[in-house]
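# Remarks on the overall topology
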Amino acid sequence: MKITYLGHSCIHLDTGKHQIIIDPFLTGNPLAGKPADEIKADYVLLTHGHSDHISDADSISRRNQAPIVAIVELANYFAHAGLQTIGMNLGGSISLPFGKLKWVPALHSTSVTRQDGVSLYFGVAAGIVLELDGLTLYHAGDTALFSDMKLIGSRRPIDLAFLPIGDHYTMGPEDALVAAEWVNAKHVVPVHYNTFELIRQDGERFVSELQKIGIQGHFLQPAETLNTETWS
């Protein structure tokens, strides 16, 4: 499986048979790894309804005829725009052609403010556990550190976790190190940092700190790909 980091929290997964994109924020992202109109996807997965996670969901879904899978309130928003959606909620799981996914908690807000100043509520924030190609992946979405992360790791070992380290809006590097241990991650890719000045962090240093606690970290530049067949 090829795992490409596209900047911020956007991840593209390519199993060879299916392509999945998570939290597409490319248009307007100064560190985007690829233009939105070049993205190929069979499914669009959204952790929550902030603009820096959903801004290109409509265009990618529409162009690829790819269903959007999200918490039900957010899914309904895109369904109203005429897109294919699968609305779910925390604790729910579903088997799709590429594998199985389960929605787990995240501690974060989720809404978008319209031009008239009215905020649209998009349900709760979530993390996603994906089982595909014989691996278990965990995209934490935007979240603070919370003790129930231990439950996520106790159900099954996490082969690869995508954890936010930006601080200010999410947990920072110190809390992300604890999260990596609590979810029992074998590999970790840091996300949600450096896109804006408020979330500037040192991804290489974070990966170095992971090594000290026995976890394999991967510092990826936007557009850089991790191939699971070659990782150590």
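Residues numbered from 1 in each chain as written. Predicted model: local features only at pLDDT ≥ 70, side-chain atom pairs only at ≥ 80, totals over all residues. Heavy atoms only, no water.

## Quick word on the sheet that holds strand S1 (residues 2–5)
Spatial ordering of the open sheet is given by S6-S5-S4-S3-S2-S1-S16, a layout of seven strands whose pairing is mixed. A single partner strand is all that each edge strand has here, and the edge strands are strand S6 (85–88) and strand S16 (225–227). The sheet shows a mean angle of 20° between the axes of neighbouring strands, taken without regard to direction. Sheet analysis places S1 next to S16, joined by three bridges and oriented antiparallel. Bridge pairing in S16 places Ile3 opposite Leu226. Across the sheet, helix H2 (residues 57–64) is in contact with strand S3 (19–22), strand S4 (43–45) and strand S5 (68–71); its angle to S4 comes to roughly 165°. Here helix H3 (residues 72–80) sits on the sheet in contact with S5 and S6, set at roughly 140° to S5. (Pairing = 2+ DSSP bridges. Helix = DSSP H or I, 4+ residues; strand = E, 2+ residues; numbered from the N terminus. Axes fitted to C-alpha atoms, helices over the stretch in contact; angles between N-to-C directions. Contact = heavy atoms within 4.5 Å.)

## Considering the nonpolar core
With 52 residues, the main nonpolar core has Leu13, Leu101, Leu130, Leu137 and Tyr138 as its most contacted residues. Cys10, Ala41, Ala57 and Ala75 belong to the second largest nonpolar core, which has 20 residues in total. (Core = buried A, V, L, I, M, F, W, Y, C linked by side-chain atoms within 4.5 Å. Buried < 20%, exposed > 50% of the residue type's maximum accessible area, 1.4 Å probe, protein only.)

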